[in-house]
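# Remarks on the overall topology
Here's the letter readout for the chains.
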Amino acid sequence: MNNKQKEYLQRYQEEFIELLPDMSEFANKYFVKHFNQFKNVVDSWDEDPIPEGYTLESFEIYYGTSNVAQVCVVDGVLKQYELPEFEENNSSVTIMANANCVYIEIQGKEVLNKIRGVIFPQVIANPSVLLNNIINGDIS
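What comes next concerns the included structure. Not measured: the values here are computed from a predicted model.

### Focus: helix α3 (residues 35–44)
In an α-helix, one turn spans 3.6 residues; hence positions three or four apart end up facing the same way. Taking burial as the measure, the 10 residues of α3 include 7 buried ones, the bulk of the element. Among the residues of α3, Phe 35, Gln 37, Phe 38, Lys 39, Val 41, Val 42 and Ser 44 are the ones counted as buried. Among the structural elements, α1 (3–19), α2 (24–30), β4 (92–97), β5 (100–106) and β6 (109–113) are those in contact with the buried residues of α3.

### Concerning the layout of surface pockets
If you roll a probe as big as a water molecule over the atoms, it shows you where there is empty space left. Of the volumes computed, that of the largest pocket is approximately 170 Å³. Element by element, the count of residues in the lining of the largest pocket is highest for β5, at 3 residues. Taken together, the residues of the lining of the largest pocket break down into 6 nonpolar, 2 polar and 3 charged.

### Concerning the sheet that holds strand β3 (residues 77–81)
The strand order across the open sheet formed by 7 strands is β6-β5-β4-β1-β2-β3-β7, and the pairing between neighbours is mixed. Of all strands in the sheet, those with a lone pairing partner are β6 and β7 (124–125), marking the two edges. Sheet analysis places strand β1 (residues 58–63) next to β4, joined by 5 bridges and oriented antiparallel. Within the sheet, the bridge partner assigned to Tyr 63 lies in β4 and is Val 93.

Rules and cut-offs
- Residues numbered from 1 in each chain as written.
- Predicted model: local features only at pLDDT ≥ 70, side-chain atom pairs only at ≥ 80, totals over all residues.
- Heavy atoms only, no water.
- Buried < 20%, exposed > 50% of the residue type's maximum accessible area, 1.4 Å probe, protein only.
- Helix = DSSP H or I, 4+ residues; strand = E, 2+ residues; numbered from the N terminus.
- Contact = heavy atoms within 4.5 Å.
- 1 Å grid on protein atoms, 1.4 Å probe; cavity = no way out; pocket = protein on both sides within 12 Å on 5 of 7 lines; lining within 4 Å.
- Points joined across faces, edges and corners; volume = space filled by probe spheres on them.
- Nonpolar A, V, L, I, M, F, W, Y, C, P; charged D, E, K, R; others polar.
- Pairing = 2+ DSSP bridges.

Next up, the structure:
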């Protein structure tokens with residue numbers, strides 16, 4: 001890691017700890033492995049929560065440090081469903097709603113939650129997506 005990357009990491013870590021000082025030890029332990037999740041917390045912290053009773057148009061769920069959504073629902077239609085096999089609790093869960101980061105959990109600790117009172121849409125499974133996932137062995 002070069003000096004510029006270290007400075008970038010340190011800046012976000014300091015901003016995270018400033019937002020949630022009681023989590024400094026937690027951040028020090030997991031910051032590098034879950035950098036994107038911590039960065040999303042800092043970047044989304046001042047955003048308003050989704051209004052109570054609002055029905056989401058789209059949402060994506062990311063597990064672990066993946067940059068690809070394992071679950072994607074758009075206008076109530078399941079577009080992507082590919083859950084990895086977990087040997088134990090997943091290290092992190094991130095939910096993006098309407099292209100905004102609204103929920104992050106790292107190592108079982110909720111660090112961002114802007115979805116209280118949100119209504120998730122009734123999901124209609126797209127048969128071709130499900131069939132592709134079955135054929136590829138992504139659904140057990």
